[in-house]
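# Descriptive structure summary
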Amino acid sequence: MRHLYERIDRDPRFHALARRRSLLGWGLSGAVLVAYYAFILAIAFAPQHLARQLHDDTVLTVGIAAGLGVIALSIALTGLYVWRANRSFDRLNAEIVSDATRDAEDPHAA
Amino acid sequence: MNRPLLKALLTAALLIGMGASLGAFADAAGALDGVNKKAIGMFFVFVVISLGITWWAAGRTKSTSDFYTAGGQISGFQNGLAITGDWCSSAALMGIAALIYTTGFDGLIYSVVPFGAWPLMMFLLADRLRNLGKFTIADIVSLRMARVPIRSLIASAGLAFVVGYLIVQMVGAGTLISNLFGLQYEIAQVIIGVLIIVYVAFGGMIATTYVQLIKAVLLLSGATFITVAVLAKFGFSIDGLYQAAVANHPTKEAVMQPGGLLPDPINAISCGVMLLFGGAAMPHVLMRFFTVPDAKEARRSVAWAATFIGYFYVLTFFIGYGAVVFVMKDPHFLDANGVIRGGANMAAIHLAEAMGGDILLGFISAVAFATIVAVVAGLTIAGASAISHDLYANILRHGKASDAEVVKVSRYAAIGLGALGVILGIAFKEQNIAYLIVLPFTISSTVFFPVLFLAMYWRRLTTSGIVAGGWIGLASAVVMLVVGPTIWKDILGNPAPLFPYKYPALFSMTISFATMIVVSLLDRSERGRKEVAAFEDQFVRSQTGLGAEGATQH
């Protein structure tokens, strides 16, 4: 297995894929952490903003809408990540792995 | 354990289960009203089905891989449901409804914030965990680290996590069941203990998975029924429901606004750290990632789990306020002093009765019982794997134990943990266990999250760094909890706490991360140098899944 790992490690496509994956993962994590900490800090520091009514004809508050919004955002971003990873990332990954495996079996290649 | 013996034991357990349920049934028929009969009858059906599944699963549980990971053959969708079953304890249904019933909006904080653990788990941990893992989270870390010190740390922290969580579940279960079914507290403990031992010791991860899966379906449908019934009373006008809640609640408009549950910013931030990062690294949940064949199915599991759990949390927005409207002023649910019967924890159960009469009450009661059983089963198998795989097979036997020996130890560990749960459940009866809910989440955010995260992402991490940071972090968390407001002041009766914050996770996680990083950077040992050099191979495997356990061979 080690020579395969080394072969893949030398493949620039592997590092490009790892970079794309980590960019997406970190970007989405950042978005989620910002959303949750905005919610938590608003409760701690500025509860009066969450206590406001959404509009004059309702008892629904900004806080209720924000809570539902944060849950909805989490589900949506989780779905987005899976969609990207299970489609383009897995396809690229399969190409990289199968190329490395084929090269390793063919003594004339590489 | 040979097959005939196993069958005989299973038959005995089945009969005991039937006997206990029938006994309770007869008792209920004589001494209690018809409501309990329906609840016990429905729970009885759940018990019979789950024991049948355990019988079937026992025949398929031979190797350690069967026992810990169901042979890695669970699909992403099934695993997503099972994870939902693992995650949603009775606290999620009854505790959140109770908090909304008493404090209004503040209860919703516990629906919203814990959910943040799910996207983080997906973006930062899921792929790499599945590609690197085998049976337990210690396997991932010990890929390039020294086996004995790493497993000692993670298994010890894991057992502290499991025992703390177990006590909370068992005490909650005893109280709930004596309220719902009219059973004695101690009898309820023994029934849960026996069921757990049978599920886990005989059926291993296969039986545990199906118990959790069935429980998740029951919980989601029960919560959906209640929500639809509540909204139907207002012609499906959400605003109509909330207007009625504002009119009914003693705090009026404030029921829709943040109150004083998170009084100061440091506690709020620390509580957030605990729920987000601690929730993302709980060993009994992460262990479920190894039951699917590959990283793609692991991602699907998380996506399904996040969808179901998020949906469930949204329903609590309606169930909690529904209880304010339909339970708070109804004399049927109040005692002579006008206080809710059985305490605020019964708000969701009373609401079920208000919405669907005896049938829905019986169903939701049975769901609550099944919920506890499934969560305790998940904790027990996580604890049993820490004992048999990490401590016994890898430390005591230096990885030389046979598969059959390890499976046998796993079964005994499950029996031991089930018995321990019953003993602790009885010992902690009617005690203030609020601090025990904070303990497992704090351990998770202080030990499991930093260790896993750095092991998978940071090249320079070494065994010395993990051991120093893990143990110092764990010790600091326990000390801060003991001298904090909950234990030092409220339980021990001292005038003022030595540490001012209820939630130490922000501080203990920082201590843990900082110590791991500093000690690793100072580590000049030969072992440390090799561990850093091994990062490349681990990185390629974590990204590609090449060489992962249970993956298709290329």
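These notes cover the structure that comes with them. (Residues numbered from 1 in each chain as written. Chains lettered and ligands numbered in written order. Predicted model: local features only at pLDDT ≥ 70, side-chain atom pairs only at ≥ 80, totals over all residues.)

### Description of the interface of chain A and chain B
- If you look at the interface, chain A gives 45 residues, while chain B gives 47 residues.
- Breaking the side of chain A that touches chain B down by element, the ones donating at least two residues are helix H1 (2-9), helix H2 (12-45), helix H3 (47-51) and helix H4 (62-105) of chain A.
- Counting residues per element, the side of chain A that touches chain B draws most heavily on H4(A), which supplies 20 residues.
- The residue makeup of the side of chain A that touches chain B, split by class, is 30 nonpolar, twelve polar and three charged. (Contact = placed C-beta atoms within 7 Å. Helix = DSSP H or I, 4+ residues; strand = E, 2+ residues; numbered from the N terminus. Nonpolar A, V, L, I, M, F, W, Y, C, P; charged D, E, K, R; others polar.)

### Notes on the packing of helix H7 (residues 117-132) of chain B against helix H12 (residues 265-280) of chain B
Residues and elements named next belong to chain B.
- At a minimum axis separation of 8 Å, H7 and H12 run at an interaxial angle of 50 degrees. With respect to H12, the element H7 is oriented oblique. Two packed elements cross with a definite hand, and for H7 against H12 that hand is right-handed. Seen from H7, the contacting residues are Ala117, Leu120, Met121 and Leu125; seen from H12, they are Leu275, Leu276, Gly279 and Ala280. (Axes fitted to C-alpha atoms, helices over the stretch in contact; angles between N-to-C directions. Parallel < 35°, antiparallel > 145°, perpendicular 65-115°, else oblique. Left-handed = near helix turned anticlockwise from the far one by under 90°.)

### Overview of helix H14 (residues 295-326) of chain B
- With 32 residues, H14(B) extends 46 Å from end C-alpha to end C-alpha; this agrees with the ideal 46 Å at 1.5 Å per step.
- Counting buried residues along H14(B), 28 of its 32 residues qualify, which places the element largely inside the surrounding structure. (Expected span 1.5 Å × (residues − 1). Buried ≥ 20, exposed ≤ 12 C-beta atoms within 10 Å, placed from the backbone.)

### Observations regarding unusual backbone geometry
Residues and elements named next belong to chain B.
- Phi is positive for Phe236, close to 60 degrees, though the residue is something other than glycine.
- Assignment of secondary structure puts Phe236 in the loop between helix H10 (185-232) and helix H11 (238-248).
- The residue Lys252 is not glycine, and still its phi comes out positive at about 50 degrees.
- For Lys252, the location among the structural elements is in the loop between H11 and H12.
- By the C-beta count within 10 Å, which is 13 here, Lys252 ends up partly exposed.

### Examining the packing of H1(A) against H4(A)
Residue and element names in this part refer to chain A.
- Between H1 and H4, the shortest axis-to-axis distance is 10 Å and the interhelical angle comes to 120 degrees. By the criterion of interaxial angle, the relationship of H1 to H4 is oblique. As H1 runs across H4, the sense of the crossing is right-handed. Contact residues: H1 offers His3, Leu4, Arg7 and Ile8, while H4 offers Ile96, Ala100, Thr101, Asp103 and Ala104.
- Residues belonging to the contact of H1 with H4 are distributed by class as follows: five nonpolar, two polar and two charged.

Shape is all these values report; function is a separate question.
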